[in-house]
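# Coordinates in review
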Amino acid sequence: MTYIYMVRCEDHSLYTGIARDLRRRIQEHYYRKKPCAKYTKSHRVCSLEMVWEARSWSDAAKLEYRVKQLGKSQKEMLIGHPERVNVLPSLCLEGTSYVPHPEITLEMCLLDRQKGSGEHGETGKAAIFSDGD
């Protein structure tokens, strides 16, 4: 599975990215590890605003591109109504569907892998943090 995510930075800007290993990628941004995006090296991440699950890297890349084309107010609307990603003509493509995961938080992504796996008690959350694919 592949994930599209939006993080908020300390200056209130939003960064959108994609990852197969969501936890690892969010940690790279947050701790400013070498492979993090140039943008998050200079804009400190303070929260994970939204995550969507896509069936393939290609589907995720298409949504990432479309989200990056939106203005900030449109991105804020999408954060508040993540299910709209599947109905807005500017975002959805025929044959694609994205699953919103508003329950995933920055804190969950920053948990140590050994402590975080299977600890959440809700079906599906542990799978989101697996190293699958």
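Below is a summary of the structure that appears in this document. Nothing here was measured: the structure is a model prediction, and the numbers come from that model.

### Things to note about the environment of Trp-52
- Inspection of the secondary structure puts Trp-52 in strand S3 (residues 45-54).
- Spatially, the C-alpha atom of Trp-52 lies 9.7 Å from that of Ser-97, the residues being 45 residues apart in sequence.
- With sequence-adjacent residues up to four places away left out, Trp-52 is seen in contact with Thr-2, Tyr-3, Ile-4, Met-6, Leu-78, Pro-82, Val-85, Tyr-98, Val-99 and Pro-100.
- There is a polar contact of 3.0 Å between the side chain of Trp-52 and the backbone oxygen of Pro-82.

### Some details on the sheet that holds strand S4 (residues 99-100)
- Read from one edge to the other, the open sheet built from four strands follows the order S2-S1-S3-S4, with strand pairing classed as antiparallel. Pairing within the sheet leaves two strands with one partner each, and these edge strands are strand S2 (14-19) and S4.
- Direction of pairing for strand S1 (residues 2-9) relative to S3: antiparallel, over a ladder of eight bridges. In the sheet register, Tyr-5 faces S3, and the bridge partner there is Val-51.
- Each of S1, S2 and S3 touches helix H1 (residues 22-30); the most contacted strand, S1, lies at about 25° to it.

### Topic: the side chain of Glu-28
- Within the fold, Glu-28 resides in helix H1.
- Among the residues examined, Glu-28 registers a relative accessible area of 7% and is labelled buried.
- Here the side chain of Glu-28 touches Arg-25 through a polar contact of 2.7 Å, side chain to side chain.
- Once residues within four sequence positions are removed from consideration, Glu-28 is found in contact with Lys-33, Pro-35 and Cys-36.

### Topic: the nonpolar core
- Of all hydrophobic cores here, the largest spans 17 residues; its most connected members are Ile-4, Trp-52, Leu-63, Leu-78, Val-85, Leu-91 and Tyr-98.
- Listed by contribution, the elements that provide at least two residues to this core are S1, S2, S3, helix H3 (57-68) and helix H4 (72-80).
- Of all hydrophobic cores here, the second largest spans 15 residues; its members include Val-7, Ile-26, Val-45 and Cys-109.

### Considering a positive patch on the surface
- A surface patch of like charges, here positive, comprises Arg-32, Lys-34, Lys-41 and Arg-44.
- In this fold, Lys-34 is placed in the loop between H1 and helix H2 (38-42).
- By relative accessible area, which is 75% here, Lys-34 ends up exposed.

Cut-off values and rules
Residues numbered from 1 in each chain as written. Predicted model: local features only at pLDDT ≥ 70, side-chain atom pairs only at ≥ 80, totals over all residues. Heavy atoms only, no water. Helix = DSSP H or I, 4+ residues; strand = E, 2+ residues; numbered from the N terminus. Contact = heavy atoms within 4.5 Å. Polar contact = N/O pair within 3.5 Å; in protein donor to acceptor, adjacent residues only side chain to side chain. Pairing = 2+ DSSP bridges. Axes fitted to C-alpha atoms, helices over the stretch in contact; angles between N-to-C directions. Buried < 20%, exposed > 50% of the residue type's maximum accessible area, 1.4 Å probe, protein only. Core = buried A, V, L, I, M, F, W, Y, C linked by side-chain atoms within 4.5 Å. Patch = residues over 30% accessible without salt bridge, like charges linked within 9 Å, V, L, I, M, F, W, Y side chains within 5 Å. Areas by Shrake-Rupley, 256 points an atom, 1.4 Å probe, with all protein chains shown as cover. Salt bridge = Lys/Arg side-chain N within 4 Å of Asp/Glu carboxyl O. Lys, Arg positive; Asp, Glu negative; His and termini not counted. Charge placed at Lys NZ, Arg CZ, Asp CG, Glu CD.

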